[in-house]
Amino acid sequence: MRKAIDETERRRAKQTAHNEEHGITPTTVTRSVADILEAAQAPGKKSSRRRGSERKVAESGAEYDVSTMNKQDLLGAISKLEDAMFEAAQNLEFEEAARLRDQLHQMKEKQLALG
């Protein structure tokens, strides 16, 4: 433990000397929640942030009856539902995102059954 603390102090002293030599004043990194969420995009999800365009998601409260959907309709509904789920998560509406996630799992099970 002492060895690790000594190494940290040595590095800190070296960094401080470098900062003083070059006139650098360290500052804290500040980020908004939106910046953090944008950096943490879901794997495989395309970024939909474009300047001048609005993001569209499935209408809130939409219910999908998976028992009557064909394969093509199901794929479209899954895509809309994924967008709505990610939008809810980015807006920190986690309960809504969880509800949409559960509905998404049901649709994906149906998709697997259709082949």
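Check the entry above for the structure.
Report follows, based on the coordinates. Note that this is a predicted model, so its numbers are computed, not measured.

Looking only at helices and strands, one finds four helices and zero strands in the chain. From first element to last, N terminus to C terminus, the chain shows the α and β order α-α-α-α. Across the 115 residues in the chain, those meeting the buried criterion constitute 17%. Accessible area for the chain stands at about 9,400 Å²; split by element, carbon and sulfur atoms hold 52% of it.

Okay, unusual backbone geometry next. In this structure, Leu92 is a non-glycine residue whose phi angle is positive, near 60 degrees. Summarising the element assignment, Leu92 is placed in the loop between helix H3 (71-90) and helix H4 (94-114). According to the relative accessible area criterion, Leu92 is partly exposed, its value standing at 46%.

Let us look at the nonpolar core. Met69, Leu74, Ala77, Ile78, Leu81, Ala84, Met85, Ala88, Ala97, Leu100, Leu104 and Met107 together form the largest nonpolar core, which totals twelve residues. It is H3 that contributes the most residues to this core, seven residues altogether. In this view, Leu100 contacts Leu81, Ala84, Met85 and Ala88; residues no more than four positions away in its chain are not counted.

So, how was this worked out
Residues numbered from 1 in each chain as written. Predicted model: local features only at pLDDT ≥ 70, side-chain atom pairs only at ≥ 80, totals over all residues. Heavy atoms only, no water. Helix = DSSP H or I, 4+ residues; strand = E, 2+ residues; numbered from the N terminus. Buried < 20%, exposed > 50% of the residue type's maximum accessible area, 1.4 Å probe, protein only. Areas by Shrake-Rupley, 256 points an atom, 1.4 Å probe, with all protein chains shown as cover. Core = buried A, V, L, I, M, F, W, Y, C linked by side-chain atoms within 4.5 Å. Contact = heavy atoms within 4.5 Å.

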